[in-house]
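Per-entry structural report
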Amino acid sequence: MNTQSLIPTPDTIPAPWWIFFGLGLVMFLLHILIINTLVGSSLIIAAKRLFGRNADLESTLTENLAVKTMTLFSFGINSGVAALLFLQVIYGHFMYASSVLMAVYWILVIPLLIIAYYGGYIYIRKHQHSPRLAGASIIVTALILLYIAFAFVNNLSLMAAPHYWRAYFDNRGGTILNTSDPTLLPRYLHFAVASISVAGLFLAWIHDRNAKRTSENKASAAPIGVRTGLRIFAVSTLIQAAVGVWYLLALPKPIMMSFMGKSVVSTAILSVGILLFLGAVFMAFKGKLKATLLHFLPLMLVMVIHRANLRSLQLEEYFSLTSLEEKAQYDVLALFLLVLLLGIAAIIYMIRLVQKNKGRKVTP
Amino acid sequence: MNYPIWELPTIGGGSLVALIAVLHVYISHLAVGGGAFIWLTDIKAVKDNDNQLLLYVKKHTWFFLLLTMVFGGVSGVGIWFIIALVNPAATSTLIHSFVFGWAIEWVFFVGEIAALLLYHYNFDKLDDSSRHKLAFFYFLFAWLSLFIINGILAFMLSPGKWVSTHNFWHGFFNPTYFSQLFFRTAAMGMIAGLFGYVTAIFTKEQALRMSLIRYCSKWLLLSIPAMVVFGVWYFYSLPDAARAAITDNAQMQRPIQVLIVSTGVIFFFGAVLILRLPRTLQATVTGLLIGIGLSWMGGFEYSREVARKPYVLADVMYSTSVMKSDEQKINEKGVLKSAKWTEVRCTANEIAAGREMFNIQCLACHTVNGVRNDVVEKLKDYPYMGILSLLEGQGKFATYMPKVLGTPKEKASLALYITEKLLKKKAVRAPEPYSPKQPLNADIPPFNRDTDAYVLLAWNDLGMHCISDSDQWFVILPPANTLEAQLIKRGLSPEVITEDVVLTYDVEKGFANPSAHSEFWKYAKETFGAVFKKNVGVAGKGVSGTFDPDDNGISFLAKAIPVVPYTDNGSFNPYPLFTVTAKRKSTGEVLAVTRVVAPTSTEMGCRNCHGGPWAVNNAAGVHSDTAEQILRTHDRLSGTTLHTDAVNGHPKLCQSCHGDPALGAEGNKQQLKLSTAIHGWHANFMYLKNSSACAMCHPAGSEGSTRCLRGLHATVGLGCIDCHGTLDEHALSLLKGEPKKPQAKKLAEQLTPTQVATAADVNPRQPWLNEPDCETCHADYQAPEKGASGFNTWVKGPADLYRNRTGDEGSVRCTACHGSPHALYPASNHMGKNRDNLIPLQLSDTPFPIGSQMDCAVCHTDAMEDSVHHPNMERAVRNKKIRQQE
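Residues numbered from 1 in each chain as written. Chains lettered and ligands numbered in written order. Predicted model: local features only at pLDDT ≥ 70, side-chain atom pairs only at ≥ 80, totals over all residues. Heavy atoms only, no water.

1. Section: the overall build of chain A
Stated formally: A run of H or I in DSSP becomes a helix once it reaches four residues, and a run of E becomes a strand once it reaches two; helices and strands are each numbered from the N terminus. Atoms counted for the radius of gyration: C-alpha only. Globule rule: 2.2 Å times residue count to the power 0.38. For every residue, the accessible area obtained with a 1.4 Å probe (protein chains only) is divided by the maximum for its type, and the residue is called buried under 20%, exposed over 50%, and partly exposed between those limits. Note on definitions: a residue-residue contact is assigned when non-hydrogen atoms from the two residues lie within 4.5 Å. Per-residue and other accessible areas follow the Shrake-Rupley method at a 1.4 Å probe size, with only the shown protein chains counted as cover for residues.
Check the secondary structure of chain A and you find 11 helices and 0 strands. In sequence order, the secondary structure elements of chain A are arranged as α-α-α-α-α-α-α-α-α-α-α. Taking 21 Å as the expected radius of gyration for a compact globule of 364 residues, we find that chain A reaches 22 Å, a close match to that expectation. With respect to the principal axes defined by its C-alpha atoms, chain A has extents near 65 × 45 × 40 Å. Among the 364 residues that make up chain A, the fraction classed as buried is 55%. In chain A, of all internal contacts separated by at least 6 residues, the share reaching a separation of at least 24 is 82%. Within the structure as shown, chain A displays about 16,100 Å² of accessible surface, and the carbon and sulfur contribution to it stands at 67%.

2. A few points about the overall build of chain B
Looking only at helices and strands, chain B features 32 helices and 17 strands. In terms of C-alpha radius of gyration, chain B reaches 37 Å, well past the compact-globule figure of 29 Å for 886 residues. Here the C-alpha coordinates of chain B stretch approximately 130 × 55 × 45 Å along the principal axes. Buried residues in chain B amount to 58% of all 886 residues. Long-range contacts, defined here as pairs at least 24 residues apart, represent 70% of the contacts in chain B between residues at least 6 apart.

3. Points about helix 17 (residues 384-393) of chain B
Think of an α-helix as 3.6 residues a turn; residues three or four steps apart then line up on the same face. Residues and elements named next belong to chain B. For helix 17, the tally of buried residues reaches 9 of 10 residues, placing the bulk of the element in the interior. Those residues of helix 17 lying buried are Y384, M385, G386, I387, L388, S389, L391, E392 and G393. Check the buried side of helix 17 and you find it contacts helix 16 (375-379), helix 18 (408-422) and helix 20 (606-610). Backbone geometry just downstream of helix 17 places G395 in the positive-phi region, at approximately 85°.

4. What to know about the packing of aromatic side chains
Rules: Stacked, edge-to-face and tilted are the three classes for Phe, Tyr and Trp ring pairs, Trp counted by its six-membered ring, which pair at centre distances within 6.5 Å; planes under 30 degrees apart are stacked, over 60 edge-to-face, the rest tilted. Criterion for a charge above a ring: Arg CZ or Lys NZ at most 6 Å from the ring centre, at most 35 degrees from the ring normal.
Following the criterion strictly, the structure yields 73 aromatic pairs over all chains and no others. Measuring from centroid to centroid gives 4.5 Å for W106(A) and F81(B), while their planes differ by 10°, and the two rings are stacked. Taken together, the residues span two chains, with W106(A) in helix 3 (residues 103-126) and F81(B) in helix 2 (residues 51-86). Accessibility classification places W106(A) together with F81(B) in one group, the buried group. Aromatic pair W39(B) and F139(B): ring centres 6.0 Å apart, planes at 15°, arrangement stacked. Taken together, the residues span a long stretch of sequence, with W39(B) in helix 1 (residues 13-47) and F139(B) in helix 5 (residues 128-157) at a distance of 100 residues. Members of the aromatic cluster, joined through ring pairs, are F98(B), W143(B), F147(B), F155(B), W162(B), F168(B), W169(B), F172(B), F173(B), Y177(B) and F178(B). A cation sits over an aromatic face here: R125(A) above W62(B), 3.8 Å from the ring centre. Over the face of the ring belonging to W794(B) we find R765(B), whose NZ or CZ atom lies 5.2 Å from the ring centre.

5. Observations concerning the interface of chain A and chain B
Which entries qualify depends on this criterion: The term buried area means the drop in 1.4 Å probe accessible area that two parts suffer when joined, counted for both and summed. A pair is scored as a salt bridge if a Lys or Arg side-chain nitrogen falls within 4 Å of a carboxyl oxygen belonging to Asp or Glu. Two N or O atoms count as a polar contact when they lie within 3.5 Å, although within protein this holds only if one can serve as hydrogen donor and the other as acceptor, and sequence-adjacent residues are included solely when both atoms are side-chain atoms. In this count, Pro and Cys sit with the nonpolar residues alongside Ala, Val, Leu, Ile, Met, Phe, Trp and Tyr, while Asp, Glu, Lys and Arg are called charged and the others, Gly among them, polar.
With 77 residues of chain A at the interface, the matching set in chain B holds 77 residues. Interface of chain A and chain B: buried area, both sides summed, is about 7,000 Å²; carbon and sulfur atoms make up 72% of it. Sorting the residues of chain A by area buried against chain B places Y96(A), R172(A) and M350(A) first, and these three jointly supply 10% of that buried surface. Counting across the interface, chain A meets chain B through 2 salt bridges. Of the charged contacts in the structure, one is a salt bridge between E356(B) and R172(A), with a shortest N-O distance of 2.6 Å. There are 18 residue pairs in polar contact (both at pLDDT 80 or more) connecting chain A and chain B. At the level of secondary structure, the elements contributing two or more residues to the side of chain A that touches chain B comprise helix 1 (17-51), helix 2 (55-101), helix 3 and helix 11 (330-357) of chain A. Per-element accounting of the side of chain A that touches chain B gives the leading share, 19 residues, to helix 2 of chain A. Among the residues forming the side of chain A that touches chain B, the class breakdown is 51 nonpolar, 17 polar and 9 charged.

6. A few points about empty space enclosed by the protein
All names here are of chain B. Note the cut-off: Residues are said to line a cavity or pocket when one of their atoms sits within 4 Å of a point; the points come from a 1 Å grid over protein atoms alone, cavities being sets where a 1.4 Å probe fits but cannot get out and pockets being open sets with protein on both sides within 12 Å along at least five of seven lines. Grid points are joined across faces, edges and corners, and a volume is the space filled by probe spheres set on the points.
As enumerated under the stated definition, the model contains 9 cavities of 30 Å³ or more in all. One number sums up the size of the largest cavity: a volume of about 230 Å³. Together, 18 residues line the largest cavity, and I5, W6, V86, N359 and A364 are the ones closest to its centre. Counting residues per element, the ones that place at least two in the lining of the largest cavity are helix 2, helix 3 (88-97) and helix 15 (350-361). Of the residues belonging to the lining of the largest cavity, the class tally is 13 nonpolar, 5 polar and no charged. Size it by volume and the second largest cavity reaches roughly 110 Å³. For the lining of the second largest cavity, the elements supplying multiple residues, two or more each, are strand 3 (454-460), strand 13 (590-597) and helix 31 (838-844). Across the lining of the second largest cavity, the residue classes tally to 8 nonpolar, 4 polar and 4 charged.

7. Topic: the packing of helix 9 (residues 264-285) of chain A against helix 10 (residues 289-315) of chain A
Residues and elements named next belong to chain A. Condition: Throughout, an axis means a line fitted to C-alpha atoms (over the contacting stretch in the case of helices), and angles, computed between N-to-C directions, take values from 0 to 180 degrees. Put simply, angles under 35 degrees are roughly parallel, angles over 145 are roughly antiparallel, angles from 65 to 115 are roughly perpendicular, and the rest are oblique. When the near helix sits turned anticlockwise from the far one by under a right angle, the crossing is termed left-handed; a clockwise turn instead gives a right-handed crossing.
It is at 8 Å that the axes of helix 9 and helix 10 come closest, and there the two elements cross at 155°. In terms of orientation, helix 9 lies roughly antiparallel with respect to helix 10. Where helix 9 crosses over helix 10, the handedness of that crossing is left-handed. Contacts between helix 9 and helix 10 involve S266, I269, L270, V272, G273, L276, F277, G279, A280, M283 and A284 on the former and, on the latter, A291, T292, H295, F296, P298, L299, V302, M303, I305, H306, N309 and L313. Among the residues forming the contact of helix 9 with helix 10, the class breakdown is 16 nonpolar, 7 polar and no charged.

8. Considering unusual backbone geometry
Residue and element names in this part refer to chain B. Residue P310 is bonded to the preceding K309 through a cis peptide linkage, with omega at 10°. By the element assignment, P310 lies in the loop between helix 12 (279-308) and strand 1 (311-313). The omega angle of the peptide bond from Y825 to P826 is -5°, so this bond is cis rather than trans. Position of P826 relative to the elements: it lies in the loop between helix 30 (814-818) and helix 31. With a phi close to 55°, D780 is a non-glycine residue in the positive phi region. Assignment of secondary structure puts D780 in the loop between helix 29 (774-777) and helix 30.

9. Some remarks on the packing of helix 9 (residues 206-237) of chain B against helix 11 (residues 250-272) of chain B
Helix packing for two helices is described by the angle between their axes and how far apart those axes are. All names here are of chain B. Close contact between helix 9 and helix 11 brings their axes to 9 Å; oriented N to C, the two are set at 150°. Viewed along their axes, helix 9 and helix 11 adopt a mutual orientation that is roughly antiparallel. Crossing geometry of helix 9 relative to helix 11 is assigned as left-handed. Here S217, L220, L221, I224, P225, M227 and V228 of helix 9 lie close against helix 11, whose contacting residues are T263, I266, F267, G270 and A271. Along the lines of polarity and charge, the residues of the contact of helix 9 with helix 11 split into 9 nonpolar, 3 polar and no charged.

10. What to know about the side chain of N78(A)
Tracing the backbone through its elements, the reader meets N78(A) in helix 2. With a relative accessible area of 2%, N78(A) lands in the buried category. Ignoring sequence-local partners within four residues, the contact set of N78(A) consists of W106(B), F109(B), V110(B) and I113(B).

11. Here we look at the confidence of the model for chain B
Segments scoring low in pLDDT should not have their predicted coordinates read at a detailed level. Rule in force here: pLDDT is a residue-level measure of predictor confidence that goes from 0 to 100.
Per-residue pLDDT for chain B has a mean of 94; in total, 100% of the residues score no lower than 70. Scored by ipTM, the complex comes to 0.95, with pTM at 0.91.

12. Let's talk about the pattern of salt bridges
Residue and element names in this part refer to chain B. On inspection of all chains with the given rule, the structure shows 34 salt bridges over all chains. K324 is the salt-bridge partner of D315, the closest N and O atoms lying 4.0 Å from each other. The exposure class assigned to D315 is partly exposed, which follows from its relative accessible area of 38%. Owing to a relative accessible area of 37%, K324 belongs among the partly exposed residues under this scheme. Members of the salt-bridge network, linked through shared partners, are D42, D128 and R131.

13. A word on the environment of L153(B)
Mapped onto the elements of the fold, L153(B) is located in helix 5. Excluding residues within four positions of it along the chain, L153(B) makes contact with Q180(B), R184(B) and R304(B).

14. Re the nonpolar core
Selection rule: Take the buried Ala, Val, Leu, Ile, Met, Phe, Trp, Tyr and Cys residues and link them wherever side-chain atoms come within 4.5 Å; each set so joined is a nonpolar core.
Judged by nonpolar contacts, the single largest core of 231 residues is most densely connected at F86(A), Y121(A), F336(A), F195(B) and W296(B). The contacts of F195(B), once residues within four sequence positions are left out, are Y26(B), I27(B), L30(B), H60(B), F63(B), L67(B) and I290(B). Core analysis: the second largest hydrophobic core is formed by 58 residues, F358(B), M385(B), V404(B) and A693(B) among them.

Right, here's the structure in full:
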């Protein structure tokens, strides 16, 4: 039996594949920014709880981070849903298969995510009055988020590696991990370290905003927050580069070579990424937040494109997006785009409504 | 068959789906209804200038946010995850068909979260109007989410025109879209009120708490009547099949009851809470209501799921992930060759193949020793052959299950896997062969052509009489064997004698006391409504007695002799011999003596499929285990109470409901006749297609303990189906004989004839009255043409039956010279080769029919040149196989 015979037959798609591909990229970019922030923040807060020395300062830093982060929790899940939706339209037949192979680990994500979510809220609500409970909660949250990240990395790497799928015939209980894949660990670390980088940058950003917007009391902590954040970003991004090299070398040789000159497009994408990375780290070490952000955001975009490109290369021997059968229904697509615009408009309206009227009345 | 299958045999994927889905749907309904609750309550608080109420709204919003946004939001993703694991194919279809629907719903979801977070985090900072706007936006987005999801959920049950067009809008605005939308919207009002109690109950100040509780009760009491009205609309908008599932499917009754009862209970407690009650009682009732609300949700969602069966996407995809359109292709190609995720492509290793078949076709809904639809519990009473039969019949009547797909070998592998690996039983794959005991001796009575003036011919009317021998549980047929006889006075012009003679019969030693071996007499009052003297049968005859003159004026009849196939020494012998004696009535002079077999067997093969051992000597008899299983099955399928009745000492005669010309029983006119019902039902389950199918139930198996098909037709290689048709054909002929009964139509729907082109070509008949006509094959008494079949040409009525007909001369019964049906001379009996041929051997010294081989001298004392009996008689036996029997 060859691996090709295991590849499920894909369903017909209701619009050209590149629409879903594009929407998936955008949603994933949004998702990874939020989720990196979320995971990284929880790690930083947990680490500060465990190893921090200056309790007051840590508290000020992390309180800001935690409150903002919890607001992001919902949007992190929400943008992930959209990214996963569009991914399933074009790669669903791979992903459903890989999900079943690791079904137990995959479905555990759900109850654990609920616990982590509540853990975050417990931290916010209790960190002043019950620091022990809050500390335990945020540590549990951080650990769970690390687990969830691992489950996702495992699934997404397994879906792109059908040659490992035959393990199913020895284990049908849904407890297969893609551990024989040498890219699994560097890929996971690539995400985990990136989370710390992004959260560092986020920490710097919110303190920068605080410095400009809030009271003197809070503003006094701002320069420390910005500095700390940028330092976290710079150091972890340097580590990230090393992990990236490991990841690249762990790839099958033909794919690795595609990024090292064999394919002009693939090499160019990675090269742009490396340049942006160098720029971002340099600016961070210099303490320039805005310049760092200006390098960082395009860097994330390039990395997301690079990641999608890597998946195409990994699945090249089994599947091509252009082979998907299409039966387009554009009126529904148009309706979605219209609803999306209206939705964005409604959210902008609501935010403005709040900004305009905040403080007009104090309820009992 | 496109995806790997998650082996979760104990918990079952379905249970996980149900668990996550019911919890999520409960909370998501709260998310919408609660949105309206918060918005309207906030407005009311401002309007009434009620700061306490406003504080309540604030507190409730926090509880609401934690419950709906965190638990509701993540569990929603959980449903998506779990259905993709348990049924990836269906999930893929839903995603691909409605991706932009999901995407639109996602936009609303984002709006919902944004509005809720803005509302909650700025509750104390915003003016009333802005806050109300945010609350309204939240409700609007939440309800629009429902507006979208509702289309996709309704699609799963009633896809409407989408099935042929695959157009998004046809699937979305499907036949149950609006009714379900209104129903769910009303239900959300109810759930919002329910959860309103939870925060209200924590209000310490009594007057405020009472006012809040009454406010929440209003939500319940207004929503529930609307929900009932929309529920009725929803029910009537369902597709016919779904509505039928709700009303007819036994599996559906429990969730429907839960739904109806919990609706009533919620309404009742909603009204009770208006009363001024102590706080602890209010809290208790609230806790109860939240639990009952969850069971309401479970009842509703489970009903929807069952109503959809056997599909996961109605009319599109079965629960097994097989597309309806692929069914025929898969049956032709085979499941194992069609599935992607299997290494087993053939049935060479049957257990391995069976496991794959089980995973692919059973695991989606069944567990193994698990919590839901446990296959072991359901099948524990069945042996291999029963399981294979169930697989054959699956989905034909129990329409909540899809048909089992696959080649016959694949189905056999599945049955083997279930039997040996899941039920841990040894699979017996065909009726077990019976090792015959030493053949029995049968003395041939003397006959002297020179001195004997009379010829006595005797026979059994059917060639085999079956007894169910399960009187404690049910009776299909009682001990009732009918012998017939004719007395002929030899001479130049032989004469049938009926005047001044008396014919008696006497069973051989060992059979004289049938009541010692059968419980017929014990239960006859229940089954036949009469008490019979021991060893006396239903027509008043004993095992020894006198023949009565038959109405036809040419023969004698001893009706319903209660002989059983068990001897006093404990052996099984389905061929007891009777000595028949003709005496002159006036003088008592013995005119003639002969011996004849009264074939009678309890070898009814119910156990082959219904399980249980043989009751007697490992050879025959319906064991209590078998009988009870049959009754329980009948009760389950037909809503009867036969098993309980029997346990309480009131077994029934099957013919008391199912009429039967064999017993002259009228039965219930609404019900099918016994033969029609039994053949019609079992034909749908029988996986064998030739004469061996008949032998699964009748004592006709060539290796069984009876082997009743023993006449010359069997010797030349003919089987049951050559005269009666295949089981499908046989059943169809009977079902078509009762065309006005709806059950007949239903049972006939999935039967396929093989000897004629279509079911329409099968001629209707009545059981026992319209049987195959000998002359169909033996036209003008000649040899049959090659490939001739007796099937589908039935005699017009009882008078034309072989067993009732006479020769052309009008006075000698066909059976008198040729023997009983199924045991035509020369017969070959495994319990003694010539046990059925005693009379021709007595009279002609050959086993051939009386007068054959031009041996007219049996009766005629003068040489005959022509036959008046029937044409083509004045010749030697033509068939080589038959000739060899001499």
